[in-house]
Amino acid sequence: MIYTVNVSDIENALANLGGEAKSKDIQDKVLNKYCEGNIPSNYRSERSFRQTIQRKIEDYCPQAEGFDPAKKESKFVRVGHGLYRTTSQASINEFPAIEEVSMPEDLFEGALREISVNAYERNQTARKNCIDHYGWSCIVCGFDFEKAYGEIGKSFIHVHHIKPLSEIRSGYIVNPILDLRPVCANCHAIIHRVHPPLSTEELKEKIFDAIK
């Protein structure tokens with residue numbers, strides 16, 4: 001049989017594996033699901049077939065060397081050695097921001113509006129555009145999870161919404177550059193410890209004052 005490896009089939013295979021799996025398991029799933037367990041005749045060998053799948057994963061993985069967000073959308077996230085998630089699964093498993101809430105039926109109107117802000121923050125396209133612009137380090141204190149924790153810290157950062165809740169309306173469209181900022185978990189928690197929340201510049205000043 002003839003079969004050409006494509007990113008959609010890899011996405012589906014990874015989704016069938018629960019959204020997170022080792023590279024070899026993804027390759028096995030593609031082989032069994034789309035090729036009935038047989039190496040397609042248009043590939044020289046099993047190794048060539050598996051390498052093609054791996055290259056295709058890395059083409060759409062922001063942790064891979066040479067990934068260009070201007071040319072390709074992020075579809076896979078490397079979360080460990082040879083371990084990948086779909087970007088949608090990465091969003092689900094990401095540690096929630098301190099102020100996030102999960103039981104809207106029990107909350108009053110102000111808290112419900114807070115959920116709306118978090119929905120903007122967790123939108124994958126807005127989040128990606130914010131991080132592409134500002135980078136993975138905390139905009140306030142400069143903390144970098146990857147530098148501090150290595151591989152497990154790659155591609156982890158909270159994204160803070162700086163627009164006041166009072167200005168959020170139903171027709172509001174988030175601007176990832178003007179409205180969002182990457183912040184570490186500590187700074188995010190402190191920002192929201194007061195009402196109204198501190199601005200990132202105010203928190204920077206407090207850090208500066210504390211270390212003088």
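You'll find the structure just up there.
All residue numbers here refer to positions counted from 1 along the written sequence of the relevant chain. Restriction of local features to residues with pLDDT of at least 70 applies here, the model being predicted, together with a cutoff of 80 or more for giving and counting side-chain atom pairs; totals for whole chains, interfaces and linings are based on all residues. Excluded from the side-chain calculation are hydrogens and water; included are all heavy atoms of the structure.

Trainee: Give me the overall build of the protein chain: which residues, what numbers.
Mentor: What the protein chain contains, in helices and strands, is 10 helices and 5 strands. Buried, partly exposed and exposed residues are distinguished by accessible area as a fraction of the type maximum, computed with a 1.4 Å probe on protein chains only: under 20%, between the cut-offs, and over 50%, respectively. A burial count over the protein chain gives 40% of its 212 residues as buried. In the protein chain, the share of contacts with a sequence separation of at least 24, taken over all contacts with a separation of at least 6, comes to 57%. Using a 1.4 Å probe, accessible areas were evaluated by the Shrake-Rupley method; residue-level cover was limited to the displayed protein chains. Roughly 12400 Å² of accessible area belongs to the protein chain as shown, and the carbon and sulfur atoms make up 51% of that amount. Only DSSP runs of H or I covering at least 4 residues are called helices, and only runs of E covering at least 2 are called strands; the numbering of each starts at the N terminus. By the convention used here, residues are in contact when the closest approach between their heavy atoms is within 4.5 Å.

Trainee: Lay out the sheet that holds strand β2 (residues 76-80) with the relevant residues and their values.
Mentor: Strand pairing is assigned whenever DSSP detects at least two bridges linking the two strands. Strand order in this open sheet of 3 strands is β1-β3-β2, and the pairing throughout is antiparallel. The open sheet has two edge strands, β1 (20-22) and β2, and neither has a second partner. Taken over all neighbouring pairs, the strand axes of this sheet differ in orientation by 30° on average, direction set aside. The pairing of β2 with strand β3 (residues 83-86) spans 4 bridges and is classified as antiparallel. Paired with Val 77 across the two strands is Arg 85, which belongs to β3. The angle between two axes is taken between their N-to-C directions and runs from 0 to 180 degrees, where each axis is a line fitted to C-alpha atoms and a helix contributes only its stretch in contact.

Trainee: Could you give an account of the environment of Ala 21, naming the residues involved and the relevant values?
Mentor: Mapping Ala 21 onto the fold places it in strand β1. The exposure class assigned to Ala 21 is buried, which follows from its relative accessible area of 7%. Excluding residues that lie within four positions of it along the chain, Ala 21 makes contacts with Leu 14, Ile 26, Gly 82, Leu 83 and Tyr 84.

Trainee: Please set out the packing of helix α2 (residues 23-35) against helix α3 (residues 46-59) residue by residue, giving values where relevant.
Mentor: With their axes 10 Å apart at the nearest point, α2 and α3 run at an angle of 115° to one another. Judged by the inter-axis angle, α2 sits roughly perpendicular to α3. Between α2 and α3 lies a crossing whose hand is right-handed. Taking contact as the criterion, the partners of Ser 23, Lys 24, Ile 26, Gln 27, Asp 28, Val 30, Leu 31 and Cys 35 in α2 are, on α3, Phe 49, Arg 50, Ile 53, Gln 54 and Ile 57. Reported orientations rely on four angle classes, namely roughly parallel under 35 degrees, roughly antiparallel over 145, roughly perpendicular from 65 to 115, and oblique for the rest. Helix crossings fall into two classes, left-handed where the near helix is turned counterclockwise from the far one by less than a right angle and right-handed where it is turned clockwise.

Trainee: Any chance you could break down the environment of Cys 130 for me, citing the residues and the numbers?
Mentor: Structurally, Cys 130 is set in helix α6 (residues 124-134). Classification of Cys 130 as buried rests on a relative accessible area of 0%. Sequence-distant contacts of Cys 130, defined by excluding residues within four places in its chain, comprise Gly 135, Val 159, Pro 176, Leu 180, Arg 181 and Pro 182.

Trainee: Tell me about the pairing of β3, and name the residues and values.
Mentor: Pairing of β1 with β3, which is carried by 3 bridges, proceeds in the antiparallel orientation. Paired with Ala 21 across the strands is Tyr 84, a residue of β3. Between β2 and β3, which follow one another and run antiparallel, lie 2 residues, and Gly 82 among them has a positive phi close to 70°.

Trainee: Break down the environment of Glu 58 for me, with residues and values.
Mentor: One can find Glu 58 in helix α3. With 17 residues separating them along the chain, Glu 58 and Lys 75 place their C-alpha atoms 9.5 Å apart. If sequence neighbours within four positions are ignored, Glu 58 has contacts with Ala 64 and Tyr 84.

Trainee: Now, about the pattern of salt bridges: what can you tell me, with residues and values included?
Mentor: Opposite charge on two side chains permits pairing when their charged atoms draw close. A side-chain nitrogen of Lys or Arg and a carboxyl oxygen of Asp or Glu constitute a salt bridge if their distance falls within 4 Å. A complete count under the given rule lists 10 salt bridges for this structure. With its nearest N and O atoms 3.9 Å apart, the salt bridge here joins Glu 11 to Lys 75. One end of the pair, Glu 11, is in helix α1 (residues 7-16); the other, Lys 75, is in the loop between α3 and β2, with 64 residues separating them in the sequence. A relative accessible area of 26% means that Glu 11 is categorised as partly exposed. Judged by its relative accessible area of 16%, Lys 75 is buried. Ionic pairing is found between Lys 75 and Glu 73, a salt bridge with its closest N-O pair at 3.8 Å. Beyond isolated ion pairs, a larger network of salt bridges with shared partners links Lys 24, Asp 28, Glu 46 and Arg 50.

Trainee: Give me the lowdown on the packing of α1 against α2, citing residues and values where you can.
Mentor: In contact at an axis separation of 9 Å, α1 and α2 are set at 105° when each is read in the N-to-C sense. When the axes of α1 and α2 are compared, the pair comes out roughly perpendicular. Between α1 and α2, the contacting residues are Asp 9, Ile 10, Asn 12, Ala 13, Leu 14 and Asn 16 on the first element and Ile 26, Lys 29, Val 30, Lys 33 and Tyr 34 on the second.

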